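Structural description and commentary
One-letter residues, chain by chain:
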Amino acid sequence: MSAAPKWNLVSVADYLANELISPVKHEYLGGVVYAMAEARNAHNLIATNGLIALGARLRGKRCRPYNSDTKIRVRLPTHVRFYYPDVSVICRPNPQNDSFQDEPAVLIEVISHRTRRIDEGEKRDAYLTIPSLCVYLLVEQETPAVVAWRRGENGFVREVYQGLDAVLPLGEIETDLPLVELYEAVEFTPERDEGEAA
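Below you will find a few notes about this structure. Not measured: the values here are computed from a predicted model.

Cut-offs and rules
Sequence order sets the numbering: in each chain, residues are counted from 1 along the sequence as written. Residues qualify for local features only when their pLDDT is at least 70, as the model is predicted, and side-chain atom pairs are given and counted only at 80 or more; totals for whole chains, interfaces and linings, by contrast, use all residues. To get the side-chain values, take all heavy atoms of the structure and skip hydrogens and water. Each helix is a run of H or I in the DSSP string that is no shorter than four residues. Each strand is a run of E no shorter than two, and both are numbered from the N terminus. Classification of residues uses two cut-offs on accessible area relative to the type maximum, computed with a 1.4 Å probe and protein chains only: under 20% is buried, over 50% is exposed, and between them is partly exposed. Residues are treated as being in contact if the distance between any of their heavy atoms lies within 4.5 Å. Patch criteria: residues need more than 30% relative accessible area and no salt bridge. Like-charged residues are merged within 9 Å; nonpolar side chains of Val, Leu, Ile, Met, Phe, Trp and Tyr are merged within 5 Å. Surface accessibility follows the Shrake-Rupley procedure with a 1.4 Å probe radius. Residue values consider only the protein chains on display as shielding. Salt-bridge detection follows one rule: a side-chain nitrogen of Lys or Arg within 4 Å of a carboxyl oxygen of Asp or Glu. By the convention used here, strands pair only if DSSP detects at least 2 bridges between them. Among the buried residues, those of types Ala, Val, Leu, Ile, Met, Phe, Trp, Tyr and Cys that are joined through side-chain atoms within 4.5 Å form a nonpolar core. Think of a 1 Å grid over the protein atoms and nothing else: a 1.4 Å probe that fits but is trapped marks a cavity, an open set flanked by protein within 12 Å on at least five of seven lines marks a pocket, and residues with an atom within 4 Å of a point count as lining. Grid points are joined across faces, edges and corners, and a volume is the space filled by probe spheres set on the points. Think of it as three bins: nonpolar holds Ala, Val, Leu, Ile, Met, Phe, Trp, Tyr, Cys and Pro, charged holds Asp, Glu, Lys and Arg, and polar takes everything else, Gly as well.

Along the chain, V74 turns up in strand 4 (residues 71–75). What makes V74 buried here is its relative accessible area of 0%. Along the sequence, V74 and E103 sit 29 residues apart, while their C-alpha atoms lie 9.2 Å from each other. Residue contacts for V74: discarding those within four places in its chain leaves H79, V80, R81, Y83, A126, Y127, T129 and I130.

Here is the structure:
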């Protein structure tokens with residue numbers, strides 16, 4: 001019988017210190033560190049559109065949007081995780097010298113074929129445990145559609161918004177998000193592998 005593999009677990013303090021100087025972003029799951037893959041242009045355009053649209057609507061209000069360089073700490077019963085969502089909205093921010101946030105109100109992930117399983121499964125399950133979270137948005141790349149997991153009286157409820165004329169209500173942060181702005185200048189084409197011919 002072979003011995004179980006041993007993990008060299010990284011402490012939270014070491015992870016946070018190393019992340020400040022690392023040229024590559026990493027997510028952290030209970031002591032295990034995972035390098036993040038680079039994103040496609042369409043993904044980055046959608047995330048930037050979301051940040052700009054929310055930034056314009058939230059200017060002067062108590063909640064502020066943060067970009068994908070902002071880590072979110074998730075405290076689960078057995079361990080701690082740090083994820084980098086594509087956009088987050090924070091109404092009760094951590095001190096500005098911290099490198100992460102603890103209390104997001106809205107989290108946005110732009111999903112692709114490569115990230116769908118994690119964004120719709122592992123990350124969703126972790127994010128929905130955050131007490132401050134009101135809405136988790138999963139934004140499609142190939143079609144104008146958003147799945148919203150919104151906190152209700154009996155837990156989170158799944159909502160779907162489709163089409164460029166749809167408007168996603170975000171009363172929890174005193175605004176809304178028109179899909180036409182989220183998808184501004186996005187060309188809807190099926191994803192292909194980097195090695196495939198165009």
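Continuing now.
A cluster of nonpolar side chains, contributed by L164, V180 and F188, occupies part of the molecular surface with about 230 Å² of accessible area. Along the chain, L164 turns up in the loop between strand 11 (155–162) and strand 12 (167–170). Look at L164 and you get partly exposed, because its relative accessible area is 40%.

Where strand 12 meets strand 13 (residues 175–178), four bridges bridge the pair, whose relative direction is antiparallel. Across the sheet, L170 pairs through a bridge with T175, a residue of strand 13.

Summed over all chains, the structure comprises 13 salt bridges. The shortest N-O distance in the salt bridge between E120 and R116 comes to 3.1 Å. With E120 and R116 both in helix 3 (residues 116–127) and four residues apart, the pair spans about one turn of that helix. The salt bridge partner of D119 is K123, with a shortest N-O separation of 3.8 Å. Residue D119 and its partner K123 are located together in helix 3, separated by four residues, close to a single helical turn. You can call D119 buried: its relative accessible area is 3%. One network of salt bridges, in which partners are shared, links E27, E109, D119 and K123.

Membership of the largest hydrophobic core comes to 28 residues, with the highest contact counts inside it found for L54 and I173. Secondary structure elements with two or more residues in this core: helix 2 (41–58), strand 6 (87–90), strand 8 (104–110), strand 9 (135–139), strand 10 (145–152), strand 12 and helix 4 (179–182). Ranked by residues supplied to this core, first place goes to helix 2 with five residues. Apart from the residues within four sequence positions on either side, I173 is in contact with L54, L58, C63, V89, C91, A105 and V106. In terms of nonpolar packing, the next biggest core, distinct from the first, is built from 18 residues, I72, Y83, L138 and F156 among them.

A few words now on the layout of surface pockets. Within this model, the largest pocket holds a volume of roughly 790 Å³. Contributing to the lining of the largest pocket are 33 residues, with E27, M36, A37, T115 and K123 lying nearest its centre. Mapped onto the lining of the largest pocket, the elements with two or more residues apiece are strand 1 (26–29), strand 2 (32–35), helix 2, strand 8 and helix 3. By residue number, the principal contributor to the lining of the largest pocket is helix 2, which donates five residues. When the residues that make up the lining of the largest pocket are grouped by side-chain class, the tally is 14 nonpolar, eight polar and 11 charged.

Distances and angles like these do not, on their own, reveal function.
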